[in-house]
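Inside the fold
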Amino acid sequence: MAGEAPAPDNTPRFLIKGQYVKDLSFENPHAPHSLIALEEKPRIDFSIDLNAQRFNEQHFELVMHLTARAIGMESTLFLVELDYAGIVQFIGIPEEKVEMILLIDCAFVLFPFARRVIYSVTADGGFPPLMLEPIDFHGLYMQNKQRLQQAAAKP
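So, a few notes on the structure that sits alongside this text. (Residues numbered from 1 in each chain as written. Predicted model: local features only at pLDDT ≥ 70, side-chain atom pairs only at ≥ 80, totals over all residues. Heavy atoms only, no water.)

**Quick look at the pairing of strand 3 (residues 59-72)**
With 11 of 14 residues buried, strand 3 is to be regarded as a mostly interior element. In this structure, strand 2 (residues 43-54) lies alongside strand 3, joined through 12 bridges in antiparallel fashion. Across the sheet, residue Ile 44 finds its bridge partner in strand 3, namely Ala 70. The hairpin turn running from strand 2 into strand 3, its antiparallel successor, is four residues long. For strand 3 and strand 4 (residues 75-91), the ladder comprises 14 bridges, and the chain directions are antiparallel. Pairing of Ala 70 across the sheet is with Phe 78, part of strand 4. (Buried < 20%, exposed > 50% of the residue type's maximum accessible area, 1.4 Å probe, protein only. Helix = DSSP H or I, 4+ residues; strand = E, 2+ residues; numbered from the N terminus. Pairing = 2+ DSSP bridges.)

Laid out in structure tokens, this is it:
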């Protein structure tokens with residue numbers, strides 16, 4: 001009827017309420033020599049770790065900790081460490097699905113923004129910009145679950 005408030009929309013979904021650089025470190029330990037002597041493509045060691053924290057019934061902070069180290073001729077050319085975070089709101093999502101959605105779907109949404117930060121800071125550091133490959137967050141989640149189950153099964 002006219003004048004009635006619309007029914008609440010309880011369609012299960014998540015919203016990214018904000019995202020930000022929580023911590024950023026870039027080390028260029030051998031500059032300017034490393035920039036002059038860069039003759040071959042360096043080896044890149046990369047790692048990512050996800051941590052989630054609940055604020056209240058609906059809100060979480062998801063922090064992606066990314067580390068990339070470029071190694072050339074036996075020494076570190078650069079080291080970048082980034083904690084990129086997002087505030088996520090869950091609406092109508094069952095509790096048993098929260099962890100999976102945070103660590104797969106929300107991470108998938110945030111990753112391109114974190115990748116852009118690393119791209120920019122490596123370029124600003126004088127190196128060819130580092131473009132990280134897309135990450136299979138579902139595969140990582142399943143690997144971690146399996147590893148935790150195996151560890152729990154060991155006496």
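On we go from here.
**Section: the packing of helix 2 (residues 95-124) against helix 3 (residues 137-153)**
Running from N to C, helix 2 and helix 3 cross one another at 145°; their axes reach a closest spacing of 9 Å. The two elements helix 2 and helix 3 meet at a crossing, and its hand is right-handed. For the pair helix 2 and helix 3, contact is made by Glu 99, Met 100, Leu 103, Ile 104, Ala 107, Phe 108 and Phe 111 and by Phe 137, His 138, Tyr 141 and Lys 145, respectively. (Axes fitted to C-alpha atoms, helices over the stretch in contact; angles between N-to-C directions. Left-handed = near helix turned anticlockwise from the far one by under 90°. Contact = heavy atoms within 4.5 Å.)

**Observations regarding the side chain of Thr 67**
Residue position: Thr 67 is located in strand 3. Residue classification places Thr 67 among the buried residues on the basis of a relative accessible area of 15%. At 3.2 Å, the side chain of Thr 67 and the side chain of His 65 are in polar contact. The contacts of Thr 67, once residues within four sequence positions are left out, are Asp 45, Phe 46, Ser 47, Leu 79, Val 80 and Glu 81. (Polar contact = N/O pair within 3.5 Å; in protein donor to acceptor, adjacent residues only side chain to side chain.)

**Things to note about the pattern of salt bridges**
It is possible for side chains of opposite charge to pair when their charged atoms get near one another. Applying the stated criterion across every chain yields a total of four salt bridges. The salt bridge partner of Lys 22 is Glu 61, with a shortest N-O separation of 2.8 Å. Of the two residues, Lys 22 sits in strand 1 (residues 13-27) while Glu 61 sits in strand 3, which places them 39 residues apart along the sequence. The buried category is assigned to Glu 61, whose relative accessible area is 5%. Of the charged contacts, one joins Asp 45 and Arg 43 as a salt bridge, the two residues approaching to 3.1 Å between their closest N and O atoms. A relative accessible area of 34% places Asp 45 in the partly exposed class. (Salt bridge = Lys/Arg side-chain N within 4 Å of Asp/Glu carboxyl O.)

**Regarding the side chain of Thr 122**
Note on placement: Thr 122 falls in helix 2. Within the structure, Thr 122 has its side chain in polar contact with the backbone nitrogen of Leu 130 (distance 2.9 Å). Ignoring any residue separated from it by four or fewer positions in sequence, one finds Thr 122 in contact with Phe 26, Phe 78, Phe 127, Pro 128, Pro 129 and Leu 130.

**Quick notes on helix 2**
Given a rise of 1.5 Å per residue, 30 residues ought to cover 44 Å, and the 42 Å separating the end C-alpha atoms of helix 2 matches this to within 8%. Bending of helix 2 peaks at approximately 50° at the position of Ile 101. Residue Gly 126 follows helix 2 closely and has a positive phi angle near 100°. (Expected span 1.5 Å × (residues − 1). Bend = angle between axes of the 7 residues up to and from the residue.)

**A word on the nonpolar core**
If you look at the biggest cluster of nonpolar residues, it comprises 33 residues, and the most contacted ones within it are Leu 66, Phe 90 and Leu 102. Contributing elements (two or more residues each) for this core: strand 3, strand 4, helix 2 and helix 3. Among the elements that make up this core, the one with the highest residue count is helix 2 (13 residues). Once residues lying within four places of it in the same chain are set aside, the contact partners of Phe 90 are Arg 13, Phe 14, Gln 58, Phe 60, Val 98, Ile 101, Leu 102 and Cys 106. (Core = buried A, V, L, I, M, F, W, Y, C linked by side-chain atoms within 4.5 Å.)

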